[in-house]
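# Coordinate analysis (summary)
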Amino acid sequence: MFVDTLITNIGQLLTMNKQGPVKGVEMNDLTILENAAIGIKDGKIEWIKKADEISAVKTDKLIDAKGKLVTPGLVEPHTHLVFGGSREQEMALKQQGVPYLEILKQGGGILSTVNATKQASFEELLEKALFHLDRMAMHGITTVEAKSGYGLDKETELKQLRVAKEAGSKHPLDLVSTFLGAHAVPPEFKDNPKAFLDQMSGLFDEIKKDDLAEFVDIFTETGVFSVEQSRGYLQKAKEKGFGLKIHADEIDPLGGTELAVEMGAVSGDHLAVTSDEGIKQLAASDTIGVILPGTSFYLGKDVYARAREMIDAGAAIAISTDFNPGSSVTENLQLIMAIAALKLKLSPAEIWHAVTINSAYAIGRGHEAGSLAAGRKADIVIWDAPNYLYLPYHYGVNHANTVIKDGVTLYERPGIR
Ligand SMILES: N=CN[C@@H](CCC(=O)O)C(=O)O
Ligand SMILES: [Zn+2]
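Everything numeric in this text was worked out from a predicted model, so none of it was measured.

### Focus: the coordination of the zinc ion (ligand 2)
Octahedral metal centres with six donors ideally show angles of 90 or 180 degrees, and tetrahedral centres with four donors ideally show 109.5 degrees. Summarising the metal site, the zinc ion (ligand 2) is bound by the protein donors His78 (NE2), His80 (NE2), His247 (NE2) and Asp322 (OD), whose distances to it range over 2.0 to 2.7 Å. Donor residues binding the zinc ion (ligand 2) come from one chain and are separated in sequence as H-x1-H-x166-H-x74-D. Separated by 75 residues along the polypeptide, His247 in strand β10 (residues 243-248) and Asp322 in the loop between β13 (317-319) and α13 (333-343) bring together distant segments of the chain.

Here it is in structure tokens:
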């Protein structure tokens, strides 16, 4: 029996091999295999066995996991990967208590990144996106969703989407693209957001034709797009065959969560201030709540999504960095796992579901990412951790020891001793 790569001596293996998305109490039910081994062939998992069943196996590459924790590669379901510039000068405004939506109203925030993104060349944006993808890979992420939304005009939105497509073909990580042209109202459309949405929905055909995005997303928020405007826009996207996502109930509880359920969106994202009714509807639906607790943390808020209640009510939850230059500037999903434990009160078992199988389903990749089984992609992380409880506990550092993507080792923690 020959495999290209053999991982032996796995202390704890989380396969996350279930039919997803995993909802409610099921999210707390984790199968842990001890003393396991994984055989990899042609970039895929050939088999998963007990270590004492592999004496006859031959391999080109033997990886000794040294009793560590091994899991599927993390799946990052919500990022604003492609953007120009950075916004470190906003930190002082935040410290003075200027609210996020006020900064946006004054032409800063998202709109300042829009200007920087318009000015950046294709190559500059690509280089920057590849750099951030590298950093995500180093932190154990093997599949990433990436949104546009810093163009807000035809040309720049398409430029962002084309950069994302190029980044996805150049970088080993798998990339899933989302069109977020409806991310803010540009100043020239201040008095007519509807006309701006018409311009953005005018891009749907070209985006489909050139295969530039699978999902369409909108920021449903006070001073951005209303529920009614969002509904009309998303309906058009649905008719063109896009999957739907909504930046919903992040700052004001407008009912974006209910809209996500009503429209059959694959996910409602943020949900920091979702109403009781929204939680009830989410739990009864197939829409996944993608929770972004790093954003509450980074915007200095005391309000976190009621993810605990959502799961208790029966919902499927995923978590994400929301990596972007304004409201959550980190590529480290492990840090978000710790915030989810501390602030959302999720259990380690729930958190592992939220960063693997459920986040894969939240971006239409449940069939190939976020779980380990024979025939699936060999996207695997060996962690410098003795067990699955450890990651949310030891926070703020990178625990990835070895990151394997499609059977190839992308990253090994460099040693200094
Ligand atoms: N809230 C809307 N959009 C992003 C933030 C974008 C930005 O501030 O640049 C988010 O998901 O948090
Ligand atoms: Zn976002």
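### Here's the deal with the pattern of salt bridges
The tally for this structure, following the rule as stated, stands at 30 salt bridges. A salt bridge links Asp191 to Lys190; the nearest nitrogen and oxygen atoms lie 4.0 Å apart. A residue is classified by how much of its surface remains accessible, and Asp191, at 71% relative accessible area, is exposed. A salt bridge links Lys209 to Asp210; the shortest N-O distance between them is 3.2 Å. Judged by relative accessible area, which is 64%, Lys209 ranks as exposed. Owing to a relative accessible area of 23%, Asp210 belongs among the partly exposed residues under this scheme. When salt bridges that share partners are traced, they join Lys154, Arg162, Glu206, Lys209 and Asp210 into one network.

### Here's the deal with the pairing of strand β2 (residues 32-41)
The sheet contact formed by strand β1 (residues 2-14) and β2 spans seven bridges and is antiparallel. Counterpart to Leu13 in the pairing with β2 is Leu33. Pairing of β2 with strand β3 (residues 44-50) involves six bridges; the strand directions are antiparallel. When the sheet's bridge partners are listed, Ala37 is paired in β3 with Lys49. Connecting the antiparallel pair β2 and β3 is a turn made up of two residues, with Asp42 showing a positive phi of about 50°.

### Overview of unusual backbone geometry
Cis rather than trans, the peptide bond between Gly20 and Pro21 has omega equal to -5°. Residue placement: Pro21 occurs in the loop between β1 and β2. Its identity is not glycine, yet Asn9 carries a phi of approximately 60°, on the positive side. As for its placement among the helices and strands, Asn9 is situated in strand β1.

### Overview of the environment of Glu90
Position of Glu90 among the secondary structure elements: in helix α1 (residues 90-95). By relative accessible area, which is 5% here, Glu90 ends up buried. Separated by 19 residues in sequence, Glu90 and Gly109 have C-alpha atoms that sit 7.8 Å apart. Setting aside anything within four residues of it in sequence, one finds Glu90 in contact with Ile103, Gly108, Gly109 and Ser112.

### Concerning the domain arrangement of the chain
In terms of domain boundaries, the chain breaks down into domain 1 (2-72 + 370-412) and domain 2 (74-362). Taking only C-alpha atoms into account, the centre of domain 1 sits 29 Å from that of domain 2. Facing 39 residues of domain 1, the contacting portion of domain 2 comprises 39 residues. For the domain 1 and domain 2 pair, buried surface summed over both sides reaches about 3000 Å², with 67% attributable to carbon and sulfur atoms. If you sort the residues of domain 1 by the area they bury against domain 2, Lys23, Met27 and Pro392 come out on top, with a joint share of 22%. The interface formed by domain 1 and domain 2 includes two salt bridges. The closest approach of N and O atoms between Asp174 and Lys377, which form a salt bridge, is 3.0 Å. Where domain 1 touches domain 2, the interface holds 19 residue pairs in polar contact (both at pLDDT 80 or more). Secondary-structure elements contributing two or more residues to the side of domain 1 that touches domain 2 are β5 (69-72), β14 (380-383), α16 (390-393), β15 (400-405) and β16 (408-412).

### So, the UniProt feature "binding site: Fe(3+)" (unreviewed entry) in the chain
With numbering aligned to this structure, UniProt lists the feature "binding site: Fe(3+)" (unreviewed entry) at His78, His80, His247 and Asp322. Across 245 residues, the annotated set stays spatially compact, with a maximum C-alpha separation of 12.1 Å. Topologically, His78 is positioned in the loop between β6 (74-76) and α1. Sequence-distant contacts of His78, that is, excluding residues within four places in its chain, are made with Glu145, Lys147, His247, Asp269, His270, Val290, Leu292, Ser320, Thr321, Asp322 and Phe323.

### With respect to the UniProt feature "domain: Amidohydrolase-related" (unreviewed entry) in the chain
On the UniProt side, "domain: Amidohydrolase-related" (unreviewed entry) is annotated at positions that read residues 69-403 here. Between the C-alpha atoms that bound residues 69-403 the distance is 12 Å, and the span itself is 42% helix and 16% strand.

### Focus on the sheet that holds strand β11 (residues 267-270)
Ordered by their spatial adjacency, eight strands build an open sheet running β6-β7-β8-β9-β10-β11-β12-β13, and the pairing between neighbours is parallel. Strands at the two margins of the open sheet, each flanked by one partner only, are β6 and β13. In this sheet, neighbouring strand axes are inclined to one another by 25° on average, regardless of whether the strands run parallel or antiparallel. Each of β8 (174-182) and β9 (215-220) is contacted by helix α6 (residues 193-201), which is oriented at about 145° to β8, the strand it contacts most.

Criteria and cut-off values
Residues numbered from 1 in each chain as written. Chains lettered and ligands numbered in written order. Predicted model: local features only at pLDDT ≥ 70, side-chain atom pairs only at ≥ 80, totals over all residues. Heavy atoms only, no water. Donors = N, O, S within 2.8 Å, 3.2 Å for Na, K, Ca; no water. Helix = DSSP H or I, 4+ residues; strand = E, 2+ residues; numbered from the N terminus. Salt bridge = Lys/Arg side-chain N within 4 Å of Asp/Glu carboxyl O. Buried < 20%, exposed > 50% of the residue type's maximum accessible area, 1.4 Å probe, protein only. Pairing = 2+ DSSP bridges. Contact = heavy atoms within 4.5 Å. Domains from an automatic or database assignment. Buried area = accessible area lost by both parts, 1.4 Å probe. Polar contact = N/O pair within 3.5 Å; in protein donor to acceptor, adjacent residues only side chain to side chain. UniProt positions renumbered as here; feature names shortened; annotations may be inferred. Axes fitted to C-alpha atoms, helices over the stretch in contact; angles between N-to-C directions.

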